[in-house]
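These are the residues of each chain, in order.
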Amino acid sequence: MLQNLKSKALSVMVGALLIGTAQAATADELSDRINAGEPIRLGFATAIPWAYPGDNGEPLGFVNAIALVVLEEMGITNYETSVNEWAGLIPGLQANRYDIITGGMYILKSRCENMNFSDPIGLFGDAMLVPAGNPKGIHNYQDVISTGAKLVTGAGFNTVEAAKKEGVPEDQMMLVAGEVEILAAMNAGRADVAVQTFFGAKEHVDKSNGKFEVTNPADMPEWTKNWVGIGMRHSDTDFLAAFNEAMAKVVGGEAWMANTAEYGYTEFQLPGEDASTEFACANR
Amino acid sequence: MNYWEFLIQYLPKMASGAVMTVSVMICALLLAVTISIIFGLMRITNSKPIQGVAFVYIEFFRGTSLLVQLYWIYYVLPLMGLTLSPFMSGVIALGLNFGAYGAEVVRGGIQAVPKAQWEAALALNFSSKQRIRRIIIPQTFTIILPPAANLTVELLKATALVALITVVDLMFVAKQLNATTWLSAQVFGTALLVYYAMARFALIPFLRWLEVLAARKVGKS
Amino acid sequence: MEWRWEFAIEILPRMLWATGNTLLAAGAGYAIAMVVGLILMFGQQTPYRVVNIVVRELVEFVRSTPLLVQLFFVFFVAPQFGVTLSAWTSAMLTIGLHFGTYLSEVYRGALEGVPKSQWEACRALNFSTVYTYRRVILPQAFPIALPGMGNYLVGIFKDTPLLATIGVAELMHTANALGAETYRYLEPYTMVGAIFLIISLPTALGLRRLEAAVARHQGKLNH
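Treat the numbers as computed from the prediction; the structure is a model and nothing was measured.

**Remarks on the overall build of chain B**
Right, on to step 1. For chain B, the helix and strand inventory stands at 8 helices and 0 strands.
Right, on to step 2. N-terminal to C-terminal, the α/β element order of chain B is α-α-α-α-α-α-α-α.
Right, on to step 3. Each principal axis of the C-alpha distribution contributes one length, and for chain B these read about 75 × 45 × 20 Å.
Right, on to step 4. A buried classification covers 41% of the 221 residues belonging to chain B.
Right, on to step 5. Put simply, 77% of the contacts in chain B that link residues at least 6 apart link residues at least 24 apart.

See the structure below:
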C-alpha cells in the first residue's frame, strides 16, 4: 500500500518536473535572450515623425518613444537599433535581424498573417500631399482615378493596398522606397499627388516651405483610419503578452504623453478603450 | 550654411561611413582573391568535371546582377534558415561576384604565359613545384595585375550597394544625412568626392606600386 | 519556405512586362553611352589643352565613383536646381554618362590599337579626315573595341537593378514591390535572377561569336 503510494507520488513529481521544464523550454526565444541580458533590437525605417534615427543612430520618433516607455516598464533599458527600408521591415523581422518593429505599422489583415502586433498604440489616418492650392482638386483615391493623376507612395505602405482596393489603376501608381523619396518625387514634379500617413504628410509640408499642402484626412475613406501596433514575430508570444501587460499600465500616462509631445502626438491619437488588435486584424 | 560649415559638421560622420566602406572592400577583396585563384586554377585543370564546376560557378555569378545576388543573400537565405548579418551578406555577395570575374582573369593570366616558358623549365629539369613557383607564377602576376587592378576599383565602387541592405557605409550615411538635412547637393557631392579620393589617390597608386613591384621581381628572376 | 509554383506563374506576367522595361532601359542607356563615349573621347583630343584636361578629369571622376551615388545625386539634386526630370530620364542620362565614360576609354584604346603607319599612309595618300576614319581607321578599330563594347552592353543590363532605387519600374523594382505586397520574397527574387541569367548568358555567348566572326572577316587570327 505504501509502495503504491510512493510510486504514485514519484510519478506525480516526475510529471510535474517534466511539465515545469517543458514550459520553461517553450518560453519564447526573445524572452530568453532578454532575460539573459542581451539588448532588444528595434527595427524601423526613416519616417519622420513616426520613427527615425538620430545622429548616432538613437531611436527618435513617437513610435520609438512609446516602445521605449513600455520597455522601461518591463525593466528593459538595453536596446539596439536597426534602420531599414520600409519594405524590408517585415522580412527583416522574420529573418531575426531585429526583434520588434517600431516603424509605426498599421495593423492590417495581410500583415497579421505574417507577424503579430501589440495592442494598438494609437489611431491614425492617411492624407494626401498636393501642390499648394490643390490645382487638380484631389482629396481622395476616387479623385486620383477621375483626374488621371500620378500617385506616388512608398513600397510596402498600407496606402498601396488601400489604393488598389479603391481601384487606382497600376499605371497611375508610382512606388518609391520611402518617405524621403516621396518628397523628392513630389519636389521634382514626377508625381501629382502623394498619399501617406497624415503625420508624414504634415512633416513634408513643413519641410517644403509652403510648396505643398495636406488634404483633409476626413476626406479619405473611413476604413483607411486605422490603429498602429508594435510588430513582433509570431513565435514570440510570451514577450508579446508581457509587452501588452506593460503597455496597459502606461498607455496615455505621463511618460507616454511627455515623450511623444515633441513629435505632434496628442491625446486625439490615443487608442481608446475599445481599440483591439484582433478587430483590426480582421477588419482592415 | 556654406560648404565649409557643412564639411565641418558632417564630414566626421561621412568619414566613419567611409571606414565601413573600406572594411567591406578589404574583406570582400580577400574572399574574391581566394575564390579567383581557386576557381581560376580549377578552370585549367585536366579534369573535365572540375572544369565544369568552375565554369558553371563563373558563368552564373558573371551572368547575374550583383544587386540581385545581394538581395537574394540578404532576403531569401533567411527563409532557408541562414540569416547572415548585413555586413557578412555584403562581403559574401561581393566576394562571390568579383571572385567569378577574377577567376577569368587568373585563368587568362596563366594561359598567357608563353608555352615556351613551360617547356624551357621542363628542359632545364625544374621540378613541377619549382616550375610553378619560380617561373610561371611571377609571370602570371605581371599579366593579371592590370585587369585585377581594374576589378579592385570596380569592387570599391560596388561596395556602395551594401547600403541598400542596411550596412552603415558611406552611401548609407549620405542617404541618412540627406533624409534629415535635405542638403542633397552637398551630401551626395561630398560622398562622390570621398569615393573619388579613395579610388584615385589611395587605391590606384597602391595598385600601380604593386604592378611596378611585380615587374621588378620578374626582371630580377 | 517552399516554392509555390502557382504564385510564380501568377506574378510572371508582371515580371515579364518589367523585363521589357529593363531591356528598354539598358538599350536606351547604351545608345546614349555610345554617343557620349564618342564625345568624351574626342573631347580629350581637341586642340585646346585646357578642354582636354577638363574632359579627362571628368571622365576619371565619373568612372571612379559608384553609379548608385551618381543616380541619387541626379535624382535628388537636379530638382533642387529647378531641373525637373522624370525618374526615367534622370536614370537614362546618369547611366548614359556613366557608361559613356567607360566606352570612351574603350574607343581610345581601340584607336590607339590601330598601327600608326595606317594614319601616316592615309596622309601620304592625301585622304580626307572623314575618308580616313570611315574607310581605314574605324574598320580596324572596331574589332579591337568590340569585346570591350560587348562587355559593357552586358554590364549595363546587369546594372539596371540600381535604377529601382530611384523608382524606375524595372525588374528589381517590381520584385521589391511584389515582395512588399505579398510578403513572399522567394519566388520574385529567384525569378529575377533566373531572368537575368536567361538573357545575359546567350547575349554573352552571341557577343563572343560576333567577335570571332568580325575578327575572321578582318583576316586576323582567332585569339
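**So, the nonpolar core**
Right, on to step 1. By size, the foremost hydrophobic cluster in this structure holds 207 residues, and its most contacted members are L151(A), V193(A), L155(B), L161(B), F188(B), A191(B) and V69(C).
Right, on to step 2. Mapping this core onto the domain boundaries places at least three of its residues in each of domain 1 (29–123 + 226–283) and domain 2 (126–224) of chain A.
Right, on to step 3. The residues contacting L151(A), other than those within four sequence positions of it, are V144(A), A163(A), V168(A), Q172(A), M173(A), M174(A), A191(A), V193(A) and V195(A).

**A few points about the interface of chain B and chain C**
Right, on to step 1. Each partner contributes residues to the interface: chain B has 30 residues there, and chain C has 29 residues.
Right, on to step 2. Contributions of two or more residues to the side of chain B that touches chain C are made by α2 (48–63), α3 (66–76), α6 (128–158), α7 (170–181) and α8 (184–220) of chain B.
Right, on to step 3. With 10 residues, α8(B) is the largest single contributor of residues to the side of chain B that touches chain C.
Right, on to step 4. Looking at the side of chain B that touches chain C residue by residue, the class counts come to 21 nonpolar, 6 polar and 3 charged.

**Section: the domain arrangement of chain A**
Residue and element names in this part refer to chain A.
Right, on to step 1. Along its sequence, chain A is organised into domain 1 (29–123 + 226–283) and domain 2 (126–224).
Right, on to step 2. Centre-to-centre, using C-alpha coordinates, domain 1 lies 25 Å away from domain 2.
Right, on to step 3. In this assembly, 14 residues from domain 1 lie in contact with 14 residues from domain 2.
Right, on to step 4. Along the lines of polarity and charge, the residues of the side of domain 1 that touches domain 2 split into 9 nonpolar, 4 polar and 1 charged.

**Describing the interface of chain C and chain A**
Right, on to step 1. If you look at the interface, chain C gives 16 residues, while chain A gives 18 residues.
Right, on to step 2. Only α3 (67–80) and α7 (171–182) of chain C provide two or more residues apiece to the side of chain C that touches chain A.
Right, on to step 3. Top contributing element to the side of chain C that touches chain A by residue count: α7(C), with 5 residues.
Right, on to step 4. In the side of chain C that touches chain A, the residues fall into 9 nonpolar, 6 polar and 1 charged.

**Describing unusual backbone geometry**
Right, on to step 1. Of note, the bond from I48(A) into P49(A) is cis; its omega dihedral lies within 30 degrees of zero at 0°.
Right, on to step 2. In this structure, P49(A) sits in the loop between β1 (40–44) and β2 (52–53).
Right, on to step 3. For N96(A), which is not a glycine, the phi torsion comes out positive at approximately 65°.
Right, on to step 4. On the secondary structure map, N96(A) appears in the loop between α4 (89–94) and β5 (100–106).
Right, on to step 5. Here the phi dihedral of W182(B) falls at roughly 60°; this positive angle occurs in a residue that is not glycine.

**Digging into the confidence of the model for chain A**
Note: predicted coordinates in regions of low pLDDT should not be interpreted at a detailed level.
Right, on to step 1. Averaged over chain A, the pLDDT score is 87; the fraction of residues at 70 or greater is 90%.
Right, on to step 2. Counting interchain partners and residues more than four positions distant, the pLDDT-below-50 stretch residues 20–25 of chain A has 0 contacts.

**Points about α7(B)**
All names here are of chain B.
Right, on to step 1. The terminal C-alpha atoms of α7 lie 16 Å apart, and with 12 residues this matches the ideal 16 Å at 1.5 Å per residue to within 8%.
Right, on to step 2. Across the 12 residues of α7, 10 count as buried, placing the element largely inside the fold.
Right, on to step 3. For α7, the set of buried residues is L170, M171, F172, V173, A174, K175, Q176, L177, N178 and A179.
Right, on to step 4. Following α7 by one or two positions, W182 has its phi on the positive side, about 60°.

**Considering the sheet that holds strand β10 (residues 173–176) of chain A**
All names here are of chain A.
Right, on to step 1. Spatially, the 5 strands line up as an open sheet ordered β10-β9-β11-β8-β12, and their pairing is mixed. Only two strands of the sheet have a single partner each, and these edge strands are β10 and β12 (212–214). Recorded for the sheet is a direction-independent mean angle of 30° between the axes of neighbouring strands.
Right, on to step 2. Pairing between strand β9 (residues 151–154) and β10: 4 bridges, direction parallel. The residue bridging G154 from the neighbouring strand is V176, located in β10.
Right, on to step 3. Docked against the sheet, helix α9 (residues 198–207) engages β8 (126–131), β11 (193–197) and β12, running at close to 155° with respect to β12.

**What to know about the environment of M232(A)**
All names here are of chain A.
Right, on to step 1. If you trace the backbone, M232 turns up in strand β13 (residues 226–232).
Right, on to step 2. Between the C-alpha atom of M232 and that of F243, which follows or precedes it by 11 residues, the distance is 10 Å.
Right, on to step 3. Those residues in contact with M232 that lie beyond four places of it in its chain are I100, M115, N116, S118, F239 and L240.

Cut-offs and rules
Residues numbered from 1 in each chain as written. Chains lettered and ligands numbered in written order. Predicted model: local features only at pLDDT ≥ 70, side-chain atom pairs only at ≥ 80, totals over all residues. Helix = DSSP H or I, 4+ residues; strand = E, 2+ residues; numbered from the N terminus. Buried ≥ 20, exposed ≤ 12 C-beta atoms within 10 Å, placed from the backbone. Contact = placed C-beta atoms within 7 Å. Core = buried A, V, L, I, M, F, W, Y, C linked by C-beta atoms within 7 Å. Domains from an automatic or database assignment. Nonpolar A, V, L, I, M, F, W, Y, C, P; charged D, E, K, R; others polar. pLDDT = per-residue confidence, 0-100. Expected span 1.5 Å × (residues − 1). Pairing = 2+ DSSP bridges. Axes fitted to C-alpha atoms, helices over the stretch in contact; angles between N-to-C directions.

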